[in-house]
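Each chain, written out:
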Amino acid sequence: MPPPPDLVVWPSTEEEVQAVIAVARRRKLPVIPYGAGSGVCGGTWATHGGVALDLKRLDRIGPVDATARTVDAEAGVMGETLERRLASEGWQLGHTPSSIYMSTVGGWLAARSAGQLSSRWGKIEDMVLSVRAVLGTGERLETPERPFSGPDVAQLLIGSEGTLCAFTRARLRVFPLPEGRAFHGYDFKTVADGLEAIRVMFRAGLRPSVVRLYDPFDTAIVGDKPPHVSTTSPSQAPALSRELLPALFRVLAPQTLGRPGLMNRATHLLRKSRLVLVFEGEAARAADEDAAARTLCQRLGAVSLGPQPAEKWLASRYDVSYRMSKVFEGGAFADTFEVAAPWERVYEVYQKVREAVAAHAFVLCHFSHAYLEGCSLYFSFVGAAPLGQERERYESIWRIALSAAQSAGANVSHHHGVGLLKARALQESLGEGRHALKMLKDFFDPDGIMNPGKLGL
Amino acid sequence: MSSSELRHALGPMCVDSPDGLYACPRSARELTEVLAVLRAHGVALGREVKLSRGAFDRLEAVEPKSCTVLAGAGLVLADLERLLHPHAFTLGTLSPHALTLTVAEFLEGPYAGLKPVPVGRLEPISISLEAVLADGRQLKTHFSPRSAAGPDLSALVLGAHGRIAVVLKARLRCLPLPEARQVVRLSFPSVEAALDGVRAALADGCCPARARAQKVQQRTVLEVELAGALDGVARDAQSLQHRAPTLGGRPAGEALHPPATPHEHECSWPAVARALDHGEVLDLYRLSLHGAIVAGGAGGLGLDAPARWAHGAGLAATVLGGPL
Ligand SMILES: Cc1cc2nc3c(=O)[nH]c(=O)nc-3n(C[C@H](O)[C@H](O)[C@H](O)COP(=O)(O)OP(=O)(O)OC[C@H]3O[C@@H](n4cnc5c(N)ncnc54)[C@H](O)[C@@H]3O)c2cc1C
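Keep in mind the model is a prediction, meaning the values are calculated, not measured.

### Some words on the side chain of Arg 53 of chain B
Residues and elements named next belong to chain B. Along the chain, Arg 53 turns up in the loop between β3 (49-51) and β4 (59-63). Reaching out from Arg 53, the side chain makes a polar contact with the side chain of Glu 108 at a distance of 2.7 Å. If sequence neighbours within four positions are ignored, Arg 53 has contacts with Ala 73, Gly 74, Ala 104, Glu 108, Val 166, Val 167 and Leu 168.

Written out as structure tokens, the structure is:
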């Protein structure tokens, strides 16, 4: 269980946030900014006790400025609420992380989140025009919008995971709801071919909103089931998946997951790699970009599967995140980790992580969040260990995987952030640059009260 | 401290020139030494001693797959652009004044090293940096397209006028050399309609190389230059033409003359609109939903010389209220 804070506070205004931080400063109490708690790196763990600063009551959304194409949203606004509200007025932010139902604007900023449509609309740091925050010094601050002279302080605060400030509000870029969407799925002979297609696509100037390339085993799991529209929450899921699947898993896990090397080798029999693309925006342009992507994929030997795989992905895109609980119920462990790398390194990172983890856990990967310069790799691993050794095995897999990824040229994180889990890896990867991070800490939070321990600060 | 003492303390890393004393480090380690000497003598870099990054004048590596290059911070952008062409790369369309700057000046100065990307966004042209912090420690950021590994430390360099860190090398994001160029010329019933048209096209994904605009009689003429892949240029032209009629736009005939003044400013869209309403002819570069770099008579952030940081504060932010 995560260590609990000593106190939870629910401020409703920026002034109240400031008052809480002022008290905490005087009493040298840790302050742990808290959005919706969906962070996966232990960023909200109160390892030193202190005050959990729950920001969800800062939940106001301003009117859309249609000329400037912006909206002001407070830090505690939940993702789904924001997108629904914008959609009701014909706009979208285009930020739809899988955790949209359980994450906040402030949490997105704090952890440099990426939504599923980021290849076109950008990550959260690309959508921000300015932020308001209360610093660890107790000062309130609003960063300027372009044009301005001097460094961009917003980019120094975004990603700080509560260690420098508590965000209270952000001005975000919005776009009209897409007039049209074009969906397409492809099967490539190999992962490498699929990666090449994405790279060439971005070089040709195409900007799909969704780009997801599944490695062969992930492709086998993604499968060819017909699309379905999910309207039920996981707790209302049918009894079959709630009870029968975990039971089945409990029986099978020790036999199969106990021998990950064997299973990983078995995946060599699978080669096909599936790519899912969605283009959106002005209808004719989306259709045109889809057609250009088709020509390009087919030139690289892909088999076109028509719109169905991408439509299916869209219909069930928030379901996937809940499936992991079945694995735990089955007595095994599973986790995901994500990194990014330039195109020169992407395939090598993929191979090295697979090789490193293969003996310890079953590993699959998909590639998403693409750029002209590279993309993100999202690994999932599933394993089992003899009773009592699960934690040790789990932690060693994490270490091995992250170290393999970094030595092959990946960064520490593309969108989940650092928290406690990757704190050591971040500090090591920064080298002497860690002093720059410490300098920011000393400048914005001289008493060291803000979320101590996270990012290794 | 006298300049001869400084000269002596800096040894061979120091060069006399008609406009003063220059420190000319050839490596990050030498720059660290320079900073240590200056610190020990209570001298600020840039005042009694200026910094020359002339030794960092090479194109060090070209990464063809990620479309990136590692360039010394002392390279002039126009020269770098020429060096890129044999590799079929370009930095994209930079404004005339930006082209005269070194990589360091472009990144650290008021341009803040920003370039436009599709959907009307801006991003740093540098994907990673090698810099030396004021205390002499090195700062190397990771070569990855995006990161969630803490704050973006390159923001200590970009636009910071070298006051927090000094850049020595940068890995820059390039584009493939354009296969095609096309000029789309449209006229609109008002300045607002013309600029709405531009913003709508930008949001659609159109990423123009540059544009020229002027009010001619009762209409506002917009000349947009597109560059890129063959079908990409056609798509961008279509985006512009698709948006135009709903805003009262129609094809226009005659080309506009260039602006009288070459001075460059970073302008918001309302500032662009005001200048056009005053009858100015403007050249627009780095077009994004934030605004544009404008050559011509427009008001905004002056780009010809380093300006004071916003609000004169330690960092470019407005402090709304002190600690309670
Ligand atoms: C099932 C699932 C799917 C996910 N999918 C995605 C995805 O697609 N993309 C993605 O990017 N992430 C994803 N995540 C991770 C997580 O949702 C993101 O990191 C999200 O940004 C966290 O938001 P939150 O409001 O829940 O923050 P929290 O978990 O409450 O906090 C995360 C960190 O931010 C800090 N923080 C929170 N609010 C503030 C604030 N106002 N000011 C300063 N610091 C603050 C906290 O101190 C902590 O360090 C997923 C997580 C889960 C569980």
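Read on, since the account is not over.
### Some remarks on the pairing of strand β16 (residues 374-383) of chain A
All names here are of chain A. The buried fraction of β16 amounts to 10 of the 10 residues, a majority that puts the element mostly inside the structure. Across 10 bridges, strand β14 (residues 333-342) lies against β16 in antiparallel orientation. By the bridge assignment, Phe 333 is partnered in β16 with Gly 383. Relative to β16, strand β15 (residues 362-368) runs antiparallel, the two being bridged by seven bridges. Bridge assignment links Phe 362 to a residue of β16, and that residue is Val 382. Between the end of β15 and the start of β16, which pair antiparallel, lie five residues, with His 369 showing a positive phi angle near 50°.

### Topic: the environment of Ala 384 of chain A
Within the fold, Ala 384 of chain A resides in the loop between β16 and α15 (390-407). As a C-alpha pair, Ala 384 of chain A and His 360 of chain A span 24 residues in sequence and 8.6 Å in three-dimensional space.

### Section: the domain arrangement of chain B
Accessible area lost upon the coming together of the parts is a frequently used measure of interface size. Residues and elements named next belong to chain B. Split into domains, chain B comes out as domain 1 (3-51), domain 2 (59-176) and domain 3 (180-305). Computed over C-alpha atoms only, the centres of domain 1 and domain 2 are separated by 25 Å. Facing the eight residues of domain 1 at the interface are eight residues of domain 2. Broken down residue by residue, the surface that domain 1 buries against domain 2 is led by Ala 28, Leu 31 and Leu 35, which jointly contribute 53%. Joining domain 1 to domain 2, the criterion identifies zero salt bridges. Looking at side-chain class alone, the side of domain 1 that touches domain 2 contains five nonpolar, two polar and one charged residues.

### Concerning the pattern of salt bridges
Summed over all chains, the structure comprises 51 salt bridges over all chains. One salt bridge in this structure joins Arg 391 of chain A and Glu 395 of chain A, with 3.0 Å as the shortest N-O distance. Taken as a pair, Arg 391 of chain A and Glu 395 of chain A lie in helix α15 at a separation of four residues, close to a single helical turn. Two residues, Asp 79 of chain B and Arg 82 of chain B, come together in a salt bridge whose shortest N-O distance is 2.4 Å. With Asp 79 of chain B and Arg 82 of chain B both in helix α3 (residues 77-84) and three residues apart, the pair spans about one turn of that helix. A relative accessible area of 32% places Asp 79 of chain B in the partly exposed class. Given a relative accessible area of 55%, Arg 82 of chain B falls into the exposed group. Three or more residues joined by partner-sharing salt bridges are found here, namely Asp 126 and Glu 373 of chain A together with Lys 115, Arg 121, Glu 123, Arg 146 and Arg 173 of chain B.

### What about the domain arrangement of chain A?
All names here are of chain A. Looking at the assigned domains, one finds that chain A contains domain 1 (1-177) and domain 2 (180-407). Counting residues at the interface gives 16 residues for domain 1 and 17 residues for domain 2. Taken over both partners, the interface formed by domain 1 and domain 2 buries close to 1,500 Å², and the fraction arising from carbon and sulfur atoms is 48%. Its largest share of buried area at the contact with domain 2, domain 1 owes to Gln 116, Ser 119 and Arg 120, together 47% of the area lost on that side. Where domain 1 meets domain 2, there are zero salt bridges. The tally of links between domain 1 and domain 2 comes to nine residue pairs in polar contact (both at pLDDT 80 or more). Here the side of domain 1 that touches domain 2 takes four residues from helix α4 (residues 118-121), the largest share from any one element. Residues that form the side of domain 1 that touches domain 2 fall into these classes: seven nonpolar, seven polar and two charged.

### Some remarks on the sheet that holds strand β10 (residues 138-140) of chain B
Residue and element names in this part refer to chain B. Pairing is antiparallel across the open sheet formed by five strands, whose spatial order is β4-β5-β11-β9-β10. The open sheet has two free edges, formed respectively by β4 and β10, since each of these has just one partner strand. Strand-to-strand twist in this sheet, taken as the mean axis angle between neighbours without regard to direction, amounts to 15°. Note: β4 against strand β5 (residues 68-72), four bridges, orientation antiparallel.

### Focus: the sheet that holds strand β1 (residues 14-17) of chain B
Residue and element names in this part refer to chain B. The mixed open sheet is built from three strands, whose spatial order is β1-β2-β3. The strands lining the two open edges of the sheet, one partner per strand, are β1 and β3. Put simply, the sheet's adjacent strands are angled 35° from each other on average, direction ignored. Note that β1 and strand β2 (residues 20-23) share four bridges and pair antiparallel. When the bridges of β2 are listed, Val 15 appears paired with Tyr 22.

### Section: the confidence of the model for chain A
Atom-level detail of predicted coordinates should not be read off regions where pLDDT is low. Taken residue by residue, chain A gives an average pLDDT of 91. The fraction at 70 or more is 88%. Below pLDDT 50 for its whole length, residues 226-242 of chain A participates in 20 contacts with residues either more than four positions away or in separate chains.

### Here's the deal with empty space enclosed by the protein
Residues and elements named next belong to chain B. Taken as a whole and judged by the stated rule, the model has seven cavities of 30 Å³ or more. Of the pockets and cavities examined, the largest cavity occupies roughly 80 Å³. Taken together, Thr 93, Leu 94, Ser 95, Ala 98, Phe 106, Tyr 111, Leu 114, Lys 115, Pro 116, Tyr 285, Arg 286 and Ile 293 form the lining of the largest cavity. Of all the elements in the fold, those that place two or more residues in the lining of the largest cavity are β7 (114-117) and β18 (282-288). Looking at which element gives the most residues to the lining of the largest cavity, the answer is β7, with three residues. Partitioning the lining of the largest cavity into residue classes produces eight nonpolar, two polar and two charged. Looking at which domains feed residues into the lining of the largest cavity, each of domain 2 (59-176) and domain 3 (180-305) supplies at least three.

### Remarks on the interface of chain B and chain A
Across the boundary between the two partners, chain B contributes 78 residues, which contact 89 residues of chain A. For the pair chain B and chain A, the summed buried area comes to about 6,500 Å², and 60% of that belongs to carbon and sulfur atoms. Applying the counting criterion to the chain B and chain A interface returns seven salt bridges. One salt bridge in this structure joins Arg 235 of chain B and Asp 288 of chain A, with 3.4 Å as the shortest N-O distance. Where chain B touches chain A, the interface holds 28 residue pairs in polar contact (both at pLDDT 80 or more). Looking at the side of chain B that touches chain A, the elements that each hand over two or more residues are β8 (121-124), β9 (126-133), β10, β12 (175-176), α6 (191-204), α7 (230-243), β17 (264-268) and β21 (318-321) of chain B. Here the element with the most residues in the side of chain B that touches chain A is α7 of chain B; it accounts for six residues. Of the residues contributing to the side of chain B that touches chain A, the split by class is 43 nonpolar, 18 polar and 17 charged.

About the criteria used
Residues numbered from 1 in each chain as written. Chains lettered and ligands numbered in written order. Predicted model: local features only at pLDDT ≥ 70, side-chain atom pairs only at ≥ 80, totals over all residues. Heavy atoms only, no water. Helix = DSSP H or I, 4+ residues; strand = E, 2+ residues; numbered from the N terminus. Polar contact = N/O pair within 3.5 Å; in protein donor to acceptor, adjacent residues only side chain to side chain. Contact = heavy atoms within 4.5 Å. Buried < 20%, exposed > 50% of the residue type's maximum accessible area, 1.4 Å probe, protein only. Pairing = 2+ DSSP bridges. Domains from an automatic or database assignment. Buried area = accessible area lost by both parts, 1.4 Å probe. Salt bridge = Lys/Arg side-chain N within 4 Å of Asp/Glu carboxyl O. Nonpolar A, V, L, I, M, F, W, Y, C, P; charged D, E, K, R; others polar. Axes fitted to C-alpha atoms, helices over the stretch in contact; angles between N-to-C directions. pLDDT = per-residue confidence, 0-100. 1 Å grid on protein atoms, 1.4 Å probe; cavity = no way out; pocket = protein on both sides within 12 Å on 5 of 7 lines; lining within 4 Å. Points joined across faces, edges and corners; volume = space filled by probe spheres on them.

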